[in-house]
Amino acid sequence: MKEERAPSSRFDLILRGGTVFDGTGAEPFVADVGVRGERIVAIGDLSSASAPCVLEVAGLCVTPGFIDIHTHSDISVLYNPQQTSALAQGVTTQVVGNCGITMGLITEEPIFSYERRWLAPHGVRVTWEGRLERFHERVLEQGVATNIIPQVGHGTLRKRVMGMERRAPTAGESARMQELIEQAAEDGVWGFSTGLEYAPGSYASTEEIIALAKTAARCGLFYSTHLRDEGDHLVEAVEEALRIGWEAGIPVQLSHHKADGERNWGAVQKTLRMVEEARAQGLDVMLDQYPYDAYLTSLLTGILPDWVTEGGPDAVVERLQSPALREQIKREILARHPDWDAPAHWQRVVVATARNNRHLQGKSIWQLARERGCHPLDAVMDVLIEEHTFVSAARFTMSEEDVQTVLKHPLTSIGSDAISTAPLGKMSLDRVHPRTYGTFPRVLGRYVRELRLLSLAEAVHKMTGLPAHRLGLRERGVLREGAIADITVFHPLTVQDRSTFEEPHQLPMGIEYVLVAGRIALERGVPTGVLAGRVLRRQEA
Ligand code: ZN
Ligand code: CU
């Protein structure tokens, strides 16, 4: 950083000589960018101007700050205000509340014990009583490094109103959920999210979601969905999402799009065609993705039959401890997946975070079954008991070709699906998915520079202008005079992810500067401690 004396400067900061990608997908151009206060005030030749702070960025790419359209960072925002893993990737705005889960809507009631287990080790107490507005106040009181875009999640709403009951809502319960959506909309949310593969979202019929999505549509929200099935019934699940979009009259965002399981590889070709056809007929549907061929979620998701999850963790553990029910569960699972009797599948399922038994982290279910001399499904059920169901697993069951097919598609934005973290303290003990640290640099390094799957301008668009368009963000996502100065600067030849499944807590390389609202939040790859982020309310941004 070079200090220049200029008492009457028009600018507080100038980015000098960078290659500007404006986020629209247009070809880049070399220009200076002048910032005053929180806004970009000039883009062009500012060689005769000076500013108290001048960043020499010739040879570097200057882009809008990245918008991570799919995160779960509402979980970590209160114990990790620096949001290090997000900021270090060049992310300046995170959409939270995805997959039906909204931390700002949980309460101290026992029904939310599972959610509180995310917070308790970091000393966060639920003081906001399920009011999003109060949650956001608390976030702002302590500060946050990136902007936060909130959503209201169906799973959390359903738990609030119906507990973990596996049945349809009564008319009164449905009305209560609609009221909560309206209240969340007043509190500034942008989207209504579902996680139809997770309990209790999985207990909901399509009709239940349509009724709620109609309310969300009236409030001006979009519908983001973790589909009911990302494997054997992916196509039907996309059909369901599109039907919800049509019948509720609401824009649809398909979250972390993928085809899970070898026998389903290639199905994304068909689902992308379905999306294109729906768009051609007038439905506003888009999707997002993280650039990895493995996913990570709760160990029980996609393995245990739905009925086993009813009632929440205590009830699940009790069922798994009953020898008779265990046999029934195994029979049911193997009837659906005959190949799960063999090792191949279980070698691809690897325990990620297991807080009670850290020594299990990184072991495949197949390894555990061999060590314990039991069937892999018994190993799964035992680990679920030992961790009181609070255990995650990585699944190496996607295809690289599909990852590339989805990434290339012009409607695909980039979304990490991460809970932002830091390589510090207790946070560093969890085996997180490398997407948490690597998503954006990996697209720029591996898929743009190495594989040439996308041009740099296209990739930047997928991280900025495209998600901004989905959200209806007016002042961010595009570099133009008058916009908020959320800006990312990276080196096109060195930008790269370093996080791996074995050693996830590694910051990427090549992200040089990040500005949030005109303030330098990351300098030469190092967070400065500046907390210039805000919770963006839909009515105001
Ligand atoms: Zn999800
Ligand atoms: Cu998610």
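Rules used throughout
Residues numbered from 1 in each chain as written. Chains lettered and ligands numbered in written order. Predicted model: local features only at pLDDT ≥ 70, side-chain atom pairs only at ≥ 80, totals over all residues. Heavy atoms only, no water. Donors = N, O, S within 2.8 Å, 3.2 Å for Na, K, Ca; no water. Tetrahedral: all angles 85-135°; square planar, octahedral: opposite > 155°, others 65-115°. Helix = DSSP H or I, 4+ residues; strand = E, 2+ residues; numbered from the N terminus. Buried < 20%, exposed > 50% of the residue type's maximum accessible area, 1.4 Å probe, protein only. Pairing = 2+ DSSP bridges. Axes fitted to C-alpha atoms, helices over the stretch in contact; angles between N-to-C directions. Core = buried A, V, L, I, M, F, W, Y, C linked by side-chain atoms within 4.5 Å. Contact = heavy atoms within 4.5 Å. Phe/Tyr/Trp six-rings, centres within 6.5 Å; stacked < 30°, edge-to-face > 60°. Lys NZ or Arg CZ within 6 Å of the ring centre and 35° of its normal.

Peer 1: Run through the coordination of the copper ion (ligand 2), naming residues and quoting values.
Peer 2: Note on the copper ion (ligand 2): its protein donors are His70 (NE2), His72 (NE2), Cys99 (SG) and Asp417 (OD). The metal-donor distances range over 2.1 to 2.3 Å. Geometry at the copper ion (ligand 2) is irregular, judged from the four donor atoms that bind it and their angles of 86 to 164° at the metal. The motif formed by the donor residues of the copper ion (ligand 2), counted along the single chain, is H-x1-H-x26-C-x317-D. A separation of 2.9 Å is found between the copper ion (ligand 2) and the zinc ion (ligand 1), both of which receive a donor from Cys99. Separated by 347 residues along the polypeptide, His70 in the loop between β6 (66–68) and α1 (84–87) and Asp417 in the loop between β17 (412–414) and α15 (435–450) bring together distant segments of the chain. For the pair His70 and Asp417, one class covers both residues: buried.

Peer 1: Run through the sheet that holds strand β14 (residues 295–298), naming residues and quoting values.
Peer 2: By way of backbone hydrogen bonds, the strands of a sheet pair with one another, either parallel or antiparallel. Ordered by their spatial adjacency, three strands build an open sheet running β14-β16-β15, and the pairing between neighbours is antiparallel. Every other strand in the sheet has two partners, leaving β14 and β15 (349–354) as the edge strands with one partner each. Pairwise comparison of adjacent strand axes, ignoring direction, gives a mean angle of 30° for this sheet. Sheet analysis places β15 next to strand β16 (residues 391–395), joined by four bridges and oriented antiparallel. Directly across from Val351, in β16, lies its bridge partner Ala393.

Peer 1: Pulling in residues and values, what's your account of the nonpolar core?
Peer 2: Most often, soluble globular proteins have nonpolar side chains that are buried together. Ranked by size, the top nonpolar core spans 48 residues in total, and within it Val152, Leu157, Phe192, Leu221, Tyr223, Leu254 and Val285 carry the most contacts. With eight residues, the top contributor of residues to this core is helix α7 (residues 234–248). Beyond its immediate sequence surroundings of up to four residues, Leu221 is in contact with Val152, Ile181, Ala185, Val189, Trp190, Gly191, Phe192, Ala216, Ile250, Pro251 and Arg538.

Peer 1: Any details on the packing of aromatic side chains? Residues and values, ideally.
Peer 2: Across all of its chains, the model carries eight aromatic pairs by this definition. Ring geometry for Tyr114 and Phe390: centres 5.0 Å apart, planes at 65°, overall edge-to-face. One end of the pair, Tyr114, is in helix α2 (residues 113–119); the other, Phe390, is in the loop between α13 (376–386) and β16, with 276 residues separating them in the sequence. Look at Phe390 and you get buried, because its relative accessible area is 7%. Aromatic side chains Phe192 and Tyr223 sit 6.0 Å apart centroid to centroid with 40° between the ring planes, which places their arrangement in the tilted category. Here Phe192 is found in strand β10 (residues 191–195), whereas its partner Tyr223 is found in strand β11 (residues 222–226), with 31 residues between them in sequence. Classification of Tyr223 as buried rests on a relative accessible area of 0%. The rings of Phe66, Phe440 and Phe490 are connected pair by pair, giving a single aromatic cluster. Directly above the aromatic system of Tyr290 lies the positively charged group of Arg435, at a separation of 4.7 Å from the ring centroid.

Peer 1: How would you explain the coordination of the zinc ion (ligand 1) if you had to name every residue and give the values?
Peer 2: Protein ligation of the zinc ion (ligand 1) involves Cys99 (SG), His226 (ND1) and His256 (NE2), the donor distances falling in the range 2.0 to 2.1 Å. When the donors of the zinc ion (ligand 1) are listed by position in the chain, the intervening gaps give C-x126-H-x29-H.

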